[in-house]
Amino acid sequence: MTRVVARPRIRIALFMILSDVFALAGLSYLANGHVVADRNWLGVALGCVLTICGGLGVWRALRLGVVIDQSGLLVRRFAAADKTLTWTAVRSISSEKLFLRGGRPFFAPVLQVDGLGRLSVQELGSHAVEGAERNAADLRGLQGSPQSYASPVAQN
C-alpha cells in the first residue's frame, strides 16, 4: 500500500499568511536600528520571539494534513498535537455534518476511536455530502483490508 497524504490547501495558505505576518513583524522590528543600537533587550527579545513563532508557524502549516497508510492514520493539525491512529483502534467510520462554514454545512468523516472517543478528520471534509461520504467509504475500505489499496482518498 502506498501512502496517501490529504492536505487542506486553503487552510495551509491562510496559516502561511498568518505565520508570515508574525515573522515579518519580528524581522522588521529587529531591522529597526534603534532597537539594537539602544540595547533595548526587551525589544530584541520581542522581535526574536515573533520571528521564531512565525517560522514555527510556517513549518506547522506546511505539515498540515492526514497521512493514510497500511498501519493507520496520522492526523497533523496546526495548533494541536499530531494524532496517530492504528486501524485496530478505530471502531467505526461515519460521515457527519460538523458545522456551518460560510452559511453552508461542512461534512467530514468522523472516526470512533478506542480511548479517544470521536475524532473528526476535517482535512478529508467537504461541503458536499457525497464527497465526505466517499472519503468515509474509502477509509472504511482501507480499515477492512489494510494490506490492499482500493482507491485514493479524494482531496479538497
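What you are looking at is a predicted structure, and each value in this text was computed from that prediction instead of being measured.

Conventions used here
- Residues numbered from 1 in each chain as written.
- Predicted model: local features only at pLDDT ≥ 70, side-chain atom pairs only at ≥ 80, totals over all residues.
- Heavy atoms only, no water.
- Helix = DSSP H or I, 4+ residues; strand = E, 2+ residues; numbered from the N terminus.
- Rg over C-alpha atoms; globule rule 2.2 N^0.38 Å.
- Buried < 20%, exposed > 50% of the residue type's maximum accessible area, 1.4 Å probe, protein only.
- Contact = heavy atoms within 4.5 Å.
- Pairing = 2+ DSSP bridges.
- Axes fitted to C-alpha atoms, helices over the stretch in contact; angles between N-to-C directions.
- Salt bridge = Lys/Arg side-chain N within 4 Å of Asp/Glu carboxyl O.
- Expected span 1.5 Å × (residues − 1).
- Parallel < 35°, antiparallel > 145°, perpendicular 65-115°, else oblique.
- Left-handed = near helix turned anticlockwise from the far one by under 90°.
- Nonpolar A, V, L, I, M, F, W, Y, C, P; charged D, E, K, R; others polar.

Visitor: Which parts of the structure should I look at to understand the overall build of the chain?
Guide: Counting its regular elements, the chain contains four helices and seven strands. Helices (α) and strands (β) of the chain occur, in sequence order from the N terminus, as β-α-α-α-β-β-β-β-β-β-α. Against the globule reference of 15 Å for 156 residues, the chain gives a C-alpha radius of gyration of 20 Å, more extended than a compact globule. By principal-axis analysis of the C-alpha atoms, the chain measures approximately 65 × 35 × 25 Å. Per-residue burial over the chain gives 35% buried out of 156 residues. Here the contacts in the chain between residues at least 6 apart in sequence split such that 47% fall between residues at least 24 apart.

Visitor: Can you walk me through the sheet that holds strand 6 (residues 104-113) in this structure?
Guide: Backbone-to-backbone hydrogen bonds join strands into a sheet, with any given pair of strands oriented parallel or antiparallel. With antiparallel pairing, the three strands of this open sheet are ordered in space as 5-6-7. Two strands lie at the open edges of the sheet, namely strand 5 (90-101) and strand 7 (117-120), each paired on one side alone. Across this sheet, the average inter-strand angle for adjacent strands is 35°, counted without regard to direction. Bridge analysis of strand 6 against strand 7 gives four bridges, and the strand direction is antiparallel. Considered in strand 7, the bridge of Val110 is made with Ser120.

Visitor: Before we go on, may I ask you to explain the environment of Leu139 in this structure?
Guide: Here Leu139 shows up in helix 4 (residues 129-144). In the structure, Leu139 is positioned 29 residues away from Val110 in sequence and 10 Å away in space, judged by C-alpha atoms.

Visitor: Please clarify how the pattern of salt bridges should be interpreted in this entry.
Guide: Where charged atoms from two side chains of opposite charge come close, those side chains can pair. Using the criterion set out here, one finds five salt bridges in the structure. Residues Arg91 and Asp114 are paired through a salt bridge, measuring 2.6 Å at the closest nitrogen-oxygen approach. Pair noted here: Arg91 is in strand 5 and Asp114 is in the loop between strand 6 and strand 7, with a separation of 23 residues, a long-range link. Across the salt bridge formed by Arg140 and Glu133, the nearest N and O atoms sit 2.5 Å from each other. On the basis of relative accessibility, which here comes to 31%, the residue Arg140 falls in the partly exposed class. A cluster of three or more residues bridged by salt bridges with shared partners is formed by Arg60, Arg63 and Asp82.

Visitor: Hey, could you run me through helix 3 (residues 41-63) in this one?
Guide: Note that an α-helix has 3.6 residues per turn; residues three or four places apart therefore point the same way. Between its terminal C-alpha atoms helix 3 stretches 33 Å, which fits the 33 Å expected from 23 residues at 1.5 Å a residue. When we look at burial in helix 3, the residues that qualify are Gly43, Val44, Gly47, Gly54, Gly57, Val58, Arg60, Ala61 and Arg63. The secondary structure elements touched by the buried residues of helix 3 are helix 1 (9-31), helix 2 (33-37), strand 2 (65-69) and strand 3 (72-76). One or two steps after helix 3, the chain reaches Gly65, where phi turns positive at roughly 140°.

Visitor: What is the right way to read unusual backbone geometry from this model?
Guide: Note: most residues except glycine have negative phi, and most peptide bonds are trans. A positive phi angle is found at Arg39, which is not glycine, with a value near 55°. Turning to its location among the elements, Arg39 is positioned in the loop between helix 2 and helix 3. Taking the relative accessible area as the measure of exposure, Arg39 reaches 61% and is therefore exposed.

Visitor: Please explain the packing of helix 1 against helix 3 as it appears in this structure.
Guide: Angle between the axes and distance between the axes are the two parameters that describe a pair of packed helices. With their axes 7 Å apart at the nearest point, helix 1 and helix 3 run at an angle of 160° to one another. It follows that helix 1 is roughly antiparallel to helix 3 by the angle criterion. The crossing of helix 1 and helix 3 is left-handed. When the residues that make up the contact of helix 1 with helix 3 are grouped by side-chain class, the tally is 16 nonpolar, eight polar and one charged.

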